[in-house]
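Listed below are the residues making up each chain.
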Amino acid sequence: MSALPTRHRRALCLHLCLTMVLCGCATARTELAQVRALAAGTDALSAFNELSQRHVDSYQRARPFLSPAEDARERLLDAQRHAAQADVARLAQAVRLYLQALGRLAQAEAYDVQPELASAGAAIRAWPGSGIDDRHVSAYTLLLQQLARLGGAASQQGHLAQVLHDGDAPLQTLLAALDSLLALYDKSGDNERDMVLGLLDVEIAYADTPQQRLLVVLARNMQQSKAEEYRLIGLRHTLTRRKLAALGRDHAHLAATLTTTEAQWTDR
């Protein structure tokens, strides 16, 4: 390159800089799409909020089926659930807000400077006597190099890599907290199921007489309906826990992938 005239070296340098930005776009688009997909995957958080609210409402559902001793115990638990609910909701909201921010950072146009680079055109040359000398040509080239460096895929990859890397540990901790809460909700739901269905078993056995035939039919229908309700809620607990675990794995994978890619960009 040293054999080239100064003007040609500057033009080649600018061309290489712009080529690097453009060549990285295909890889960057794939990884940015993966980050956007991760950010959009908030179904598990919506399901968690619904299951959390159901947990808070458990006393009101079970109340007609409770004995006096069970009612006194469940009243205390109900007060504890309501007291903790605001903070539980904030845990899930923090995860949601973080994912929303990731989605905005990964928008395809967020760091796009290609229109500006295209508008700048090719390298310029000095025109002695007309006010454009080598200093101006050098400044022009350096400024466009800075534009290419600060914008485009390299900068976006670097920023996202840093956010994902620094956010992975606290995110995993919050997801683990949500998983523990879902395990608690599942256990509480099993207890509620046992109380409700247990009472119905006893009442149906004692009411199984010709005079109370209609009451027994209604009670058995309720028993079947309640048993199916608790079965489906148990499945939702399991499915939501799996989705949250998948969210954590995907985030960790992207954090590692973008950190590696960002290091490669830095080397280049």
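Residues numbered from 1 in each chain as written. Predicted model: local features only at pLDDT ≥ 70, side-chain atom pairs only at ≥ 80, totals over all residues. Heavy atoms only, no water.

With that settled, the discussion passes to the overall build of the protein. When its secondary structure is counted, the protein shows 9 helices and 0 strands. Here the analysis covers contacts within the protein between residues at least 6 apart in sequence; of these, 82% occur between residues at least 24 apart. Surface accessibility of the protein: about 15600 Å² in total, with carbon and sulfur atoms responsible for 59%. (Helix = DSSP H or I, 4+ residues; strand = E, 2+ residues; numbered from the N terminus. Contact = heavy atoms within 4.5 Å. Areas by Shrake-Rupley, 256 points an atom, 1.4 Å probe, with all protein chains shown as cover.)

What follows is about the pattern of salt bridges. Summed over the entire model, instances satisfying the criterion amount to 12 salt bridges. Arg75 serves as the salt-bridge partner of Asp71, at 3.0 Å between the closest nitrogen and oxygen. With Asp71 and Arg75 both in helix H5 (residues 68-105) and 4 residues apart, the pair spans about one turn of that helix. The class of Asp71 is buried, set by a relative accessible area of 17%. The exposure class of Arg75 is partly exposed, given its relative accessible area of 44%. Via salt bridges that share partners, Arg54, Lys226 and Glu229 belong to a single interconnected network. (Salt bridge = Lys/Arg side-chain N within 4 Å of Asp/Glu carboxyl O. Buried < 20%, exposed > 50% of the residue type's maximum accessible area, 1.4 Å probe, protein only.)

For the rest of this paragraph, the subject is H5. Taking 1.5 Å of rise per residue, 38 residues should cover 56 Å, and H5 covers 55 Å from first to last C-alpha, within 8% of that figure. At Gln85, H5 shows its maximal kink, close to 45 degrees. Listed as buried for H5 are Asp71, Glu74, Asp78, Arg81, Gln85, Val88, Ala92, Val95, Arg96, Leu99, Leu102 and Gly103. (Expected span 1.5 Å × (residues − 1). Bend = angle between axes of the 7 residues up to and from the residue.)

Bringing the nonpolar core into the picture now. Counting 28 residues, the largest nonpolar core has Val35, Phe48 and Leu178 as the members making the most contacts within it. Broken down by secondary-structure element, the contributors of at least two residues to this core are helix H2 (25-40), helix H3 (43-56), H5, helix H8 (152-207) and helix H9 (213-267). Other than its neighbours up to four places away in sequence, Leu178 contacts Leu45, Phe48, Leu91, Ala92 and Leu244. In this structure, Phe65, Val196, Leu197 and Tyr230 belong to the second largest nonpolar core, which totals 5 residues. (Core = buried A, V, L, I, M, F, W, Y, C linked by side-chain atoms within 4.5 Å.)

This next bit is on H3. In this model H3 runs 20 Å from its N-terminal to its C-terminal C-alpha over 14 residues, within 8% of the 20 Å that 1.5 Å per residue would give. Among the residues of H3, those classed as buried are Ala44, Leu45, Ala47, Phe48, Leu51, Ser52, Arg54, His55 and Val56.

Right, let's talk about a nonpolar patch on the surface for a bit. Taken together, the side chains of Leu214, Val217 and Leu218 make up a nonpolar region of the molecular surface, amounting to roughly 300 Å² of accessible area. Relative to the assigned elements, Leu214 resides in helix H9. (Patch = residues over 30% accessible without salt bridge, like charges linked within 9 Å, V, L, I, M, F, W, Y side chains within 5 Å.)

For the rest of this paragraph, the subject is the packing of H3 against H5. Interhelical geometry of H3 versus H5 gives an angle of 175 degrees and a closest axis separation of 10 Å. Classified by the interaxial angle, the pair formed by H3 and H5 is roughly antiparallel. Residue-level contacts link Leu45, Ser46, Phe48, Asn49, Ser52, Gln53, His55 and Val56 of H3 to Asp78, Arg81, His82, Gln85, Val88, Ala92, Val95, Arg96 and Leu99 of H5. Of the residues assigned to the contact of H3 with H5, the class counts are 7 nonpolar, 7 polar and 3 charged. (Axes fitted to C-alpha atoms, helices over the stretch in contact; angles between N-to-C directions. Parallel < 35°, antiparallel > 145°, perpendicular 65-115°, else oblique. Nonpolar A, V, L, I, M, F, W, Y, C, P; charged D, E, K, R; others polar.)

Looking at the secondary structure, you find Val196 in helix H8. Judged by its relative accessible area of 0%, Val196 falls in the buried class. With 134 residues separating them in the primary sequence, Val196 and Ala62 have C-alpha atoms 6.6 Å apart.

Attention shifts here to the side chain of Thr42. Along the polypeptide, Thr42 turns up in the loop between H2 and H3. Under the relative-accessibility criterion, Thr42 is labelled buried at 15%. Not counting residues within four places of it along the chain, the set of residues in contact with Thr42 comprises Arg96 and Leu99.

Structural measurements only, silent on function.
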